[in-house]
Every structure is written in C-alpha cells, then in structure tokens.
Amino acid sequence: MILVTGGAGFIGANFVLDWLAATNEPVVNVDKLTYAGNLENLASLQGDTRHVFVQADIGDSTVLSALLQQHQPRAVLNFAAESHVDRSIHGPEDFIQTNVVGTFRLLEAVRAYWSGLPADAKLAFRFLHVSTDEVYGTLGATDPAFTESHNYEPNSPYSASKAASDHLVRAWHHTYGLPVLTTNCSNNYGPLHFPEKLIPLMIVNALAGKPLPIYGDGQQIRDWLYVRDHCSAIRRVLEAGRLGDTYNVGGWNEQANIDIVKTVCALLDELRPRDDGRSYAEQIRFVQDRPGHDRRYAIDARKLERELGWKPAETFETGIRKTVQWYLDHPEWVAHVQSGSYRDWVHQQYSAQEPA
Ligand code: NAD
Ligand code: DAU
C-alpha cells in the first residue's frame, strides 16, 4: 500500500480518488483536517476498505512512526501543507510549522522506517514530495520558463516554507540516501478546489452575486494545469522518476488573471445565465494588490515529457469547462464549505462507529 499525507485537501483528494479508480492498491490517508481538509471530498470512498483515513499531523512523529510500522507502505507521498499565499502573508507561523517542521518530522519518521526495511523493500521504497513552482520566484515577461535548474528565489512566506521543505527532502537523500522524488507544479484548478483560491472563488462569488476581486492590475500570469493531470504526473514520477531528482509539472498554459476571470464569467454566462441577462463580468472589481505579488510563473515541463513520457491530457478549454460545470453540479459541497458545516463531516460520518 501507499501512504498519502494531506489527502483530504484539493490535490490530495483528487489523487486518492484517481489512484483508487486506477488500481486496487490501498491508501492510508493521513490528514490533520485543517480548514482546508474536507472529508466530504472523499465521500464516494465511504465503506471502501482500500481507503484508511487517519486524522493526524505530519509533525506528530509518534503517530507517524506507528502508522508506518502498522501499514508498511511501499511509498509515502507528501501532499500535506499550508497552501494559500494570502494566509501565509497574514500568519506565517502555521506555514513554518507544517511545511518546514512537519516535513522534517515526517522525513525523520520515514527515514527510521525505511532504514529498518528488508533489503528488497528498502530498494523499492519511495518518498515523493509534492512541491510548487513558487519556490523559483517570479519571472519577467520575456524570461524563459522555469526549468529544474532554476535558482530557488521564493518571495512569500508560503513559497519560502515550501522551498525549505524541498531543501530538507534533497538533503535527506544526499546525506542519508533516502530514496526521494520531488515534483514542482504550477497552479492547479479543477473539482474540490477550496474557494479561497482564484478560480473557485470567482465561480462561487459570481453565482452568489458578489464582487469578483482582482488584485492589482490583473496582469499577473500563472500557468494553469488541470488537477487530474497533476495527479497523473505524480503517479508517473512515483513509478519511474530518477531517485533524488526533481520534476517540473505544468500545463503550458500561461494566462493573465484577468483573462482567467473573464473566461470563467463567459462560461457561467453560457451555462447559468444571470437572471437579469447581464454578464457576470460586470461583477469584476479591481482591489488592492497582494504584497510581494509574483508577476509571472511559467513551467518548462520538457524534462518530464522527455524522460518519463508525461503530457497533460486536458487543454485549458476542456478543463475549465469541466471545472465550472462541476461547481454548478455540486451546490451542496459549495454550501457546506461556505457555511463551515463540512467540518462537522468527521463527526457525522464516524460518530456511529464510536463505542457506545
Ligand atoms: P490544500 O490546502 O487544499 O490541502 C492541504 C491538505 O493538507 C488539507 O487537507 C489539510 O488538512 C492538510 N494538512 C495541512 N497541514 C497538515 C498537517 N500538519 N498534517 C497533516 N495534514 C495537514 O492544498 P492543495 O492545493 O491540495 O496542495 C497540496 C500540495 O500541493 C501542497 O503541498 C501544495 O504546496 C502543493 N501544490 C499546490 C498547487 C496548487 O495549485 N494548489 C500547485 C503546486 C503544488
Ligand atoms: O503556483 C502554484 C501555487 O498556486 C501553489 O503552490 C499554491 O498552493 C496555490 O495556492 C497557487 O498559488 P497562487 O497564489 O498563484 O494562487 P491563488 O489562487 O491564490 O491566486 C492566483 C492568482 O490570482 C494570483 O496572482 C493572485 C490572484 N488573485 C487571487 C485571489 C484569491 C486575485 O487576483 N484575486 C483573488 O481574490
């Protein structure tokens, strides 16, 4: 089996769902269930014995060590993180605790477990760390896209904490021989995305008749990848990645924020027109910029294609349409997230199993 951390969040949940749709190999899913963790994301796995959920912090060495011994995974995939740049600006502490200290503790628990494995299992074991393109900093308008050898130049507390975690993972390979792999991916979008991030926030605000806040001039560029393509890239790197290497993952889809928001508005105009017949684009408002806002990210994903044969399956046109449609089809998920009642899910789901 494999052990996944952060599997109740946006990318982790998509990964677990895709994994169990593609294989019968069980998943132990360790998630602290912060505000970003939502077990409703995994509701379709209820009763599926291939999915074992454990609420725990990656910084809890005792629990992690016990889980590793109990389940004997052949791989650990680390999705768990504080992930929102704006939150990192308002309160960096949690980012240091989870992304830096938590990754360190996880690495140490995994190293102890891996060291004690029999030779064959030790050889086959993998630790895959899921990271971000934000560690590379920002690009000028005409700079080439980030390659794996680009300098680390993180600019936000979030990206600095992720950069630190990447360095720890690298060092655990070089110093202790831990068989690690790291992926650095661009902006994901798709189902189950928490509506604090640009695309889902725009969809839910538009439908609620609220303003669509664009930071600064809206000309910041991100390189968008459909989440299930990110998941397939991770599976491929896990399967065939070269030990100690890093792999950039991206969708070759650079777009300015304002254009993304206009596309979302146009799709909503088509799929769920406003009652007054006007465009959702009329709800766009330019607001104060994010401090230290990175201007442009762009991923050069040629290494992953050349060495491991991975390419995204989805274009932005197909992916964004599916995404908007998913939010339209899941008003309950949105309502539970907005009301906060998704956080009661653990209790609702598992109270029946508590001892009488
Ligand atoms: P998310 O915020 O949606 O989910 C994070 C999950 O981690 C949540 O379920 C949360 O409960 C859990 N978690 C947080 N702290 C934890 C802790 N201390 N112990 C255990 N679980 C904890 O994030 P996401 O967007 O799904 O991102 C997943 C990973 O992918 C992160 O490492 C992020 O840096 C990376 N990443 C994200 C993107 C993106 O566009 N969202 C792009 C590239 C890389
Ligand atoms: O590049 C990968 C990263 O992408 C991941 O590592 C992060 O975990 C993920 O959150 C994401 O970071 P961003 O800061 O790029 O994503 P966000 O959705 O917060 O913002 C996307 C862009 O949209 C960014 O330029 C800021 C802008 N924005 C965002 C929000 C929430 C707005 O203009 N208005 C908004 O309300």
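Just above sits the structure.
Numbering of residues starts from 1 in every chain and runs along the sequence as written. Think of it this way: whatever chain is written first is A, whatever ligand is written first is 1, and the rest follow in order. The predicted nature of this model means local features are confined to residues of pLDDT at least 70 and side-chain atom pairs, given and counted, to a pLDDT of 80 or more, with totals for whole chains, interfaces and linings taken over all residues. Excluding hydrogens and water, the side-chain values take into account all heavy atoms of the structure.

Caption draft 1: View of the site of ligand 1. We call a residue near a molecule or strand as soon as one heavy atom of that residue lies within 4 Å of the molecule or strand. Taken together, the neighbourhood of ligand 1 is formed by 28 residues, with Ile11, Asp31, Ser83, Tyr158 and Lys162 sitting nearest. Any N or O atom pair separated by 3.5 Å or less is treated as a polar contact, with the protein-specific requirement of one donor-capable and one acceptor-capable atom, and with residues adjacent in sequence counted only for side-chain atom pairs. Note that an oxygen atom of ligand 1 is positioned 2.5 Å from one of the side-chain N or O atoms of Asp31. Measuring from an oxygen atom of ligand 1, one finds a backbone N or O atom of Thr34 at 3.0 Å. Note on conventions: DSSP H or I runs of at least 4 residues are helices, E runs of at least 2 residues are strands, and numbering of each starts at the N terminus. At the level of elements, helix H1 (10-22), strand S5 (126-132) and helix H6 (157-176) are the ones that each hand at least two residues to the shell around ligand 1.

Caption draft 2: A look at the nonpolar core. Residues Phe15 and Leu77 are the most contacted members of the largest nonpolar core, which totals 67 residues. Sequence-distant contacts of Phe15, defined by excluding residues within four places in its chain, comprise Ile2, Val4, Leu77, Phe79, Cys231, Ile234 and Arg235. Buried residues of nine kinds, namely Ala, Val, Leu, Ile, Met, Phe, Trp, Tyr and Cys, make up a nonpolar core once their side-chain atoms join them within 4.5 Å. Burial classes follow relative accessibility: with a 1.4 Å probe on protein chains only, a residue under 20% of its type's maximum area counts as buried, one over 50% as exposed, and anything between as partly exposed. Formed by 26 residues, the second largest nonpolar core is a distinct cluster that contains Val28, Val110, Tyr113 and Val180. Throughout, a residue-residue contact means that at least one pair of heavy atoms, one from each residue, lies within 4.5 Å.

Caption draft 3: Looking closely at the side chain of Asn184. When you line up the elements, Asn184 lands in strand S6 (residues 180-185). What Asn184 contacts, discounting residues up to four positions off in sequence, is Ser131, Thr132, Asp133, Val135, Tyr136, Tyr152, Asp166, Thr246, Tyr247, Asn248, Val249 and Ile299.

Caption draft 4: Spotlight on the pairing of S6. Taken across its 6 residues, S6 has 6 buried, putting it largely inside the fold. Both faces of S6 are covered, namely the face carrying Val180, Thr182 and Asn184 and the face carrying Leu181, Thr183 and Cys185. Taken together, the 6 bridges between S5 and S6 define a ladder with parallel strand orientation. Looking at S6, one finds that Val130 is bridged to Thr183. If you view a crossover with the strands going away from you and the path from the first strand over the helix to the second runs clockwise, you call it right-handed. Note on the crossover from S5 through H6 to S6: the handedness is right-handed. Only when DSSP finds a minimum of two bridges between them are two strands counted as paired. Pairing of S6 with strand S11 (residues 246-249), which is carried by 4 bridges, proceeds in the parallel orientation.

Caption draft 5: A look at the packing of aromatic side chains. The criterion for an aromatic pair is that two Phe, Tyr or Trp rings (for Trp, the six-membered ring) have centres within 6.5 Å, with stacked assigned to planes under 30 degrees apart, edge-to-face to planes over 60 apart and tilted to the rest. Taken as a whole and assessed by the stated rule, the structure comprises 17 aromatic pairs. A centroid spacing of 5.1 Å and a plane angle of 45° characterise the contact between Phe15 and Phe79, whose relative ring orientation is tilted. Here Phe15, found in helix H1, pairs with Phe79, found in the loop between strand S4 (75-78) and helix H3 (85-90); they are 64 residues apart in sequence, far enough to count as distant. Like Phe79, Phe15 is buried. What links up through ring pairs into an aromatic cluster is the set Tyr136, Phe146, Tyr152 and Tyr297.

Caption draft 6: Main features of the site of ligand 2. Neighbouring ligand 2 are 24 residues; Thr132, Asp133, Tyr158, Arg290 and His293 lie closest to it. Note that an oxygen atom of ligand 2 is positioned 2.8 Å from one of the side-chain N or O atoms of Asn257. Burial of ligand 2 by the protein amounts to 94% of the accessible area it has alone, namely 690 Å². Contributing elements (two or more residues each) for the shell around ligand 2: helix H7 (198-207) and strand S8 (212-215). The class makeup of the residues in the shell around ligand 2 is 10 nonpolar, 8 polar and 6 charged. Note that accessible areas follow from Shrake-Rupley with a 1.4 Å probe, and for residues the cover is restricted to the protein chains shown. Side-chain classes are defined by residue name, with Ala, Val, Leu, Ile, Met, Phe, Trp, Tyr, Cys and Pro counting as nonpolar, Asp, Glu, Lys and Arg as charged, and the others, Gly among them, as polar.

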